[in-house]
Amino acid sequence: QLRRQARERREYLQRRAREQQVQRQQERKENLRRALDENQLLPTELRREALALQKELEFDFDIPGGATSSQDDEYRWAGVEPPKVMVTTSRDPSARLRLFAKELCLLLPGARRMNRGRAELGALVGACRAAGVTDLLVLHETRGRPDGLTVSHLPHGPTAHFTLSGAVLRQEVGGLGGAPLAAPHLLLLRLDSTLGKRVGTILKHLFPVPRPDSRRVVTFANEDDVILVRNHVYRRRGRTVELEEVGPRFQLRPYLIRLGTLEQGDAADVEWRWHPYTATAPKRRLLSVT
């Protein structure tokens, strides 16, 4: 079992390396094509290989439906089989964190909650992988306040780390009936940059495919690089639609995406990391184009 996992992980990393090499070559071709079309000077780094790249451009063509990548391998069964999500907490959780983990399971249809106990991360991920779990969610807290969420996709990654804030439980929202258990429709708003699409892919595959008649909507709305998470049910009243928030309510802000699983820690490659102390950080929008 360990040898098979190591072999699959090694093959996955090799596909990632080949994909990055092809992507860099494609970027050089696009720069050359743009310079030729606009009748501009060739970039300095392309002058030595310009003739070879121009010959390769003659045989390039667009693949219908787009080319597949190693990221497609991570979620190749998405939509075919419903995800198996496991939710756990840090060690010795407070009562509020346990309650929030329970309500997070209500937000994610089919998710199960597991008591952390004294289990190490390696044993935890190994047990989830053996049980066929597709995603492991770990909640963190500071002085009884939920402030962190880690989403680790199994068996090979990626692992996304989020800062969690503004957690409001279902009973604090008010005016609620029973908890809806149907698979929700998803709204991903203003997650249109490359990083935003990547984060949206990680989040949306925590949910199964909804039925067309589902009356539940989960929204991930980006506001200044903070993802607002809202859970609603709707009813049709003639020509109008009534929304009712059923909770829980919280905000997420990504700060790290690694290519490995949770137990690998710093040994896994970093796909993206938030750098808040650069001079251009206040001017950038990471999750949206505008």
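- The name that an unreviewed UniProt entry assigns to the protein chain is IMP4 protein, with the source organism given as Piprites chloris.
- In the Subcellular location (unreviewed entry) part of its UniProt record, the protein chain is described as follows: "Nucleus, Nucleolus".

1. Observations concerning unusual backbone geometry
Leaving glycine aside, a negative phi is the common case for residues, and trans is the common case for peptide bonds.
Part 1: Geometrically, the link from L154 to P155 is a cis peptide bond, its omega value of 10° lying close to zero.
Part 2: Mapped onto the elements, P155 comes out in the loop between β4 (145–153) and β5 (159–168).
Part 3: With an omega of 10°, the peptide bond running from G157 to P158 counts as cis.
Part 4: Among the structural elements, P158 can be located in the loop between β4 and β5.
Part 5: At D224, a position not held by glycine, the phi torsion is positive, near 55°.
Part 6: Judged by its relative accessible area of 52%, D224 is exposed.
Part 7: Even without glycine at this site, D225 takes up a positive phi of about 65°.
Part 8: Checked against the element boundaries, D225 lands in the loop between β7 (216–223) and β8 (226–237).
Part 9: By relative accessible area, which is 8% here, D225 ends up buried.

Cut-offs applied
- Residues numbered from 1 in each chain as written.
- Predicted model: local features only at pLDDT ≥ 70, side-chain atom pairs only at ≥ 80, totals over all residues.
- Heavy atoms only, no water.
- UniProt positions renumbered as here; feature names shortened; annotations may be inferred.
- Helix = DSSP H or I, 4+ residues; strand = E, 2+ residues; numbered from the N terminus.
- Buried < 20%, exposed > 50% of the residue type's maximum accessible area, 1.4 Å probe, protein only.

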